[in-house]
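Close look at the chain arrangement
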Amino acid sequence: MKWTRNELLKLFPSHRGDITTVSSVTEVFTDSRKQVKNGLFVPITGERFDGHDFLMQAIEHGATAS
């Protein structure tokens, strides 16, 4: 499934950051080690880790939004 910028704005009206650089999202992922193109990274917090610690790695692997 592919979400456009306008669809993302409707889904996340309280977004922060510059969404004008996002053209579309084609994949949602939670593993920052995964290589994606135009992905939405969802950082999950667990007992032994915090996905927010891996935001930069997710961006390096193709995340365009988090």
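Residues numbered from 1 in each chain as written. Predicted model: local features only at pLDDT ≥ 70, side-chain atom pairs only at ≥ 80, totals over all residues. Heavy atoms only, no water.

1. A few points about unusual backbone geometry
Glycine aside, the phi torsion of most residues is negative, and most peptide linkages are trans. Unusually for a residue other than glycine, asparagine 38 sits at a positive phi of about 60°. Owing to a relative accessible area of 23%, asparagine 38 belongs among the partly exposed residues under this scheme. (Buried < 20%, exposed > 50% of the residue type's maximum accessible area, 1.4 Å probe, protein only.)

2. Remarks on the pattern of salt bridges
Under the criterion given, the structure shown has two salt bridges. Between glutamate 27 and lysine 34 there is a salt bridge, with its nearest N and O atoms 2.6 Å apart. Owing to a relative accessible area of 38%, lysine 34 belongs among the partly exposed residues under this scheme. Between arginine 33 and aspartate 31 there is a salt bridge whose closest N-O contact spans 2.9 Å. By relative accessible area, aspartate 31 is classed as partly exposed at 30%. (Salt bridge = Lys/Arg side-chain N within 4 Å of Asp/Glu carboxyl O.)

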